[in-house]
Amino acid sequence: MIYFDNAATSWPKPEAVPKAMGRFLGEHGANPGRSGHALSIQAGRVVFEARERAARLFGHGDPMSVVFTKNATEALNLALQGLLGPGDHVATSTMEHNSVLRPLRFLEGRGVEVSRVPCGADGSLDPADLARSVSVRTRLVVLSHASNVVGTLCPIAEIGELSRERDLLFCVDAAQSAGVCPIDMAAMGIDLLAFTGHKSLYGPQGTGGLCVGERARGRLRPLLHGGTGSASDSDVHPEFLPDCYEAGTLNAVGLAGLAAGLAFVEEKGVEAIRAHETALAARLIAGLREIPGVGVLGTGSAERQTAVVSFNVAGWRCSEIAEALEERAAICCRAGLHCAPLAHRQLGTFPEGAVRFSPGLFNTETEVAVAIDAVRELAARPKGGLS
Amino acid sequence: MSSCEPEEGYGVALFRSVQGALGAERLLLAAGIAHKLIPVPRHISSNCGFCVRFAWADRDRVEHALAVADLGTERVMRL
Ligand SMILES: Cc1ncc(COP(=O)(O)O)c(C=O)c1O
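Predicted model only: the values in this text are computed from it and were never measured.

*Asks:* How should I be thinking about the pairing of strand 13 (residues 354-357) of chain A in this particular structure?
*Replies:* The two faces of the sheet receive side chains in turn, since in a regular strand these alternate between them. All names here are of chain A. Taking every second residue as pointing to the same face, both faces of strand 13 are buried, with Ala 354 and Arg 356 on one and Val 355 and Phe 357 on the other. With three bridges connecting them, strand 10 (residues 309-313) and strand 13 associate as antiparallel partners. Within the sheet, the bridge partner assigned to Ser 310 lies in strand 13 and is Arg 356. Here three bridges tie strand 12 (residues 334-336) to strand 13, and the two strands are oriented antiparallel to one another. Following the sheet pairing, Arg 334 is matched in strand 13 by Arg 356.

If you want it as C-alpha cells, here you go:
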C-alpha cells in the first residue's frame, strides 16, 4: 500500500508517538493540573513538554502562550471569532481552507468586512495585491502558509513585515507547513500561528494549537468558558494565558503523542524533512508532467511548494482516478475539492476538483515511481467518464 | 521527615496556574536549585493543583531564577 494522503493526516506515525500515548494512559493518565498528586503532576509535565517543544519549533519564546486546541480549525476559530467584531475589516486570500473561509463567512453576517484577495493561476499570492486591500479599518490579515490543494507557499515574511508597517495583526494557518517548513514567528512577523498536530507534527488527531504572539495578547475573546484548575475561588473565567483559552480538561493523551511527534521533528530537523519531501515532490511533478493528458496544478516547482501535487487526467473524473489507483496500485490519495472551494475556482478546477498526491517523510522514491507508472497506465486508456 | 527539613524551613512559590509551576520546575532544574512540586496548601490558596516548595534559605536564588519568565507568579512565601 502506498499512502499518499499526508496532507489530510500523516501516516504512519513515528513509533515513539503511539508509545508515548500508551505510556501516558498506562502509567500516569491523570488530569493534568487539576490535582496535586504525583500522577497529575506527571501528566502536567507531559503537556508542558508539548508546550515547550511547540514554542521552540515556531520561534516563539513563551510556552505559556501556546494554547492547545483540538485542531487547527478550533485554533483559527479562536483567532478569528476571538478578535474580529462588527466594523472590523480582515484581509485573506482565495487559496484558504474552509477552516478560514467559513468562520469569515459567519463573521460577515455579524458585520465584519472581508476581502478575499485573488491569487494567481498557480495559487501564488502577490503581496502587492494584499497591500491594496488593506484599509484603516483592517485589523487582521489571515493566510495559509501553504495551500492544501497545490502546496503553493505564501511569502509569509514579506506579509509579516507589511502587517507590522500597517499595524495589523497577522494570523498564519500553518496546518500544511508546521513541521515541514521553517517557521519563526518573531522573525516572520507572525502574531497568531494556528497549527494542527496530526499532519507534519506527527501527533494524533484531536491535537492542535494557537501560538499567541506578544502583540495579540489580551485581544482575543475565548470561545469557551469553564474550569481551568486555576482561580478556583471565582466563577469568573481567568484572563491569563494559556488557561483563558483552555477551558475544560485537555486531550492530554493526545498531547503526549504530540510531544513525541514534536521531539521526532526536532531530532530529524525541519530542513532534512523538507529536503526529503521536496525531492519526492520534484520527482512527482516531473514524472506526471511528462504523461500525455495529465495536467499538473500549481507552481510546477517543488521549491515553491510543499509536497502536495494535484492533477487531472483527460477523460477521467478525479474520483474515478483515485478509485482506480487504489484498486490497481493500492495508492491512497484524495480526490475532489479538498475543503477549499475558492482555491479550486481560482485554479479553474471547480466544481470537479482534482486528484491530490501528498507524499510524506515515510514515502520513498520507489513509491513515487510506482505511482507515476500507475497514472501513466490510466492516462493511456481514457475511461470517457467526462465524455 | 522533620529531620530532613532545612534549618530555615520551607518556602513555596504559588502561581496563577499549574502551567506556571511547571515552567518554574524547568527553571529551577536548570539552575540546580532543589525543589519539589507539592499540592497547593489549601490554607494558603484556593487554586487547584500544585505549587513549588523549596528551602527558604534558597529564597533569593529561587526568585532570581523565576524572574526570567512570565510565569504568573502570585506569591513567594514562607511555609
Ligand atoms: C490549510 C489547512 N488549514 C486548516 C486545516 C484544518 O485542519 P484540522 O482539520 O486539523 O482542523 C487543514 C487540514 O485539513 C488545512 O489543510
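From this point, the discussion proceeds with the structure in view.
*Asks:* For this particular structure, what's the right way to read the domain arrangement of chain A?
*Replies:* How big an interface is tends to be expressed through the accessible area that disappears when the partners come together. Residues and elements named next belong to chain A. Taken domain by domain, chain A comprises domain 1 (2-10 + 270-385) and domain 2 (16-268). Relative to domain 2, the C-alpha centre of domain 1 lies at a distance of 28 Å. At the interface, 32 residues of domain 1 touch 35 residues of domain 2. Of the roughly 2800 Å² buried where domain 1 meets domain 2, counting both sides, 59% is carbon and sulfur surface.

*Asks:* Even after reading the chapter, I still don't get the nonpolar core, so can you show me in this structure?
*Replies:* Residue and element names in this part refer to chain A. Counting residues in hydrophobic clusters, the biggest one holds 51 residues, and the most contacted among them are Phe 58, Phe 68, Ile 190, Leu 193 and Phe 195. Summarising the domain contributions, this core has at least three residues from each of domain 1 (2-10 + 270-385) and domain 2 (16-268). Those residues within four positions of Leu 193 in sequence are excluded, and the remaining contacts are Phe 58, Val 172, Ala 174, Ile 183, Met 185, Gly 209, Leu 210 and Cys 211.

*Asks:* Please clarify how the sheet that holds strand 3 (residues 50-55) of chain B should be interpreted in this entry.
*Replies:* By way of backbone hydrogen bonds, the strands of a sheet pair with one another, either parallel or antiparallel. Residue and element names in this part refer to chain B. In space, the four strands of this open sheet follow the order 2-3-1-4, with antiparallel pairing throughout. Looking at the sheet topology across the chains shown, the edges are occupied by strand 2 (35-39) and strand 4 (73-78). Within the sheet, the average angular offset between the axes of one strand and its neighbour, ignoring direction, is 25°. As judged from the five bridges shared by strand 2 and strand 3, these two strands associate in the antiparallel manner. Within strand 3, the position partnered with Ile 38 by the bridge is Cys 51.

*Asks:* Which parts of the structure should I look at to understand the sheet that holds strand 2 (residues 66-69) of chain A?
*Replies:* Residues and elements named next belong to chain A. Overall, mixed pairing links the seven strands, which are arranged 2-8-7-6-5-3-4 in an open sheet. Whereas interior strands pair on both sides, the edge strands pair on one side only; in this sheet they are strand 2 and strand 4 (113-117). Direction aside, the axes of adjacent strands within the sheet are offset by 20° on average. Inspection of the sheet shows strand 6 (residues 169-173) paired to strand 7 (residues 192-196) by three bridges, in the parallel sense. Across the sheet, the residue bridging to Asp 173 is Ala 194, located in strand 7. The sheet strands contacting helix 3 (residues 72-83) are strand 2, strand 5 (138-144), strand 6, strand 7 and strand 8 (208-212), and the helix crosses strand 7 at an angle near 155°.

*Asks:* Even after reading the chapter, I still don't get unusual backbone geometry, so can you show me in this structure?
*Replies:* Leaving glycine out, the prevailing phi sign among residues is negative, and the prevailing peptide bond configuration is trans. Residue and element names in this part refer to chain A. In this model, Trp 11 is joined to Pro 12 through a cis peptide bond whose omega is -5°. Cis peptide bonds are those with omega within 30 degrees of zero, and the linkage from Leu 241 to Pro 242 qualifies with -10°. Along the chain, Pro 242 falls in the loop between strand 8 and helix 8 (252-268). Positive phi values are uncommon outside glycine, yet Tyr 202 reaches one of about 65°. As for its placement among the helices and strands, Tyr 202 is situated in the loop between strand 7 and strand 8. Look at Cys 339: it is not a glycine, yet its phi comes out positive at around 55°. Accessibility expressed as a relative area gives 35% for Cys 339, which makes it partly exposed.

*Asks:* Could you clarify how one ought to interpret the pairing of strand 3 of chain B in this entry?
*Replies:* Residues and elements named next belong to chain B. Extensive coverage of strand 3 is indicated by the burial of five of its six residues. In this structure, strand 1 (residues 10-15) lies alongside strand 3, joined through four bridges in antiparallel fashion. If you follow Tyr 10 over to strand 3, its bridge partner there is Ala 55.

*Asks:* In this structure, what is going on with the interface of chain B and chain A? I would like to understand it.
*Replies:* In this assembly, 18 residues from chain B lie in contact with 21 residues from chain A. In total, chain B and chain A occlude about 1600 Å² of area from one another, counting both sides; carbon and sulfur atoms represent 59% of this. Of all residues in chain B, B:Arg16, B:Gln19 and B:Arg26 bury the most surface against chain A, accounting for 32% of the area lost on that side. Residues A:Arg45 and B:Glu25 are paired through a salt bridge, measuring 2.5 Å at the closest nitrogen-oxygen approach. Our enumeration of links across chain B and chain A arrives at five residue pairs in polar contact (both at pLDDT 80 or more). Secondary structure elements with two or more residues in the side of chain B that touches chain A: helix 1 (18-31) and strand 2 of chain B. No other element matches the seven residues that helix 1 of chain B contributes to the side of chain B that touches chain A. The residue makeup of the side of chain B that touches chain A, split by class, is seven nonpolar, seven polar and four charged.

Basis of the calculations
Residues numbered from 1 in each chain as written. Chains lettered and ligands numbered in written order. Predicted model: local features only at pLDDT ≥ 70, side-chain atom pairs only at ≥ 80, totals over all residues. Heavy atoms only, no water. Buried < 20%, exposed > 50% of the residue type's maximum accessible area, 1.4 Å probe, protein only. Helix = DSSP H or I, 4+ residues; strand = E, 2+ residues; numbered from the N terminus. Pairing = 2+ DSSP bridges. Domains from an automatic or database assignment. Contact = heavy atoms within 4.5 Å. Buried area = accessible area lost by both parts, 1.4 Å probe. Core = buried A, V, L, I, M, F, W, Y, C linked by side-chain atoms within 4.5 Å. Axes fitted to C-alpha atoms, helices over the stretch in contact; angles between N-to-C directions. Salt bridge = Lys/Arg side-chain N within 4 Å of Asp/Glu carboxyl O. Polar contact = N/O pair within 3.5 Å; in protein donor to acceptor, adjacent residues only side chain to side chain. Nonpolar A, V, L, I, M, F, W, Y, C, P; charged D, E, K, R; others polar.

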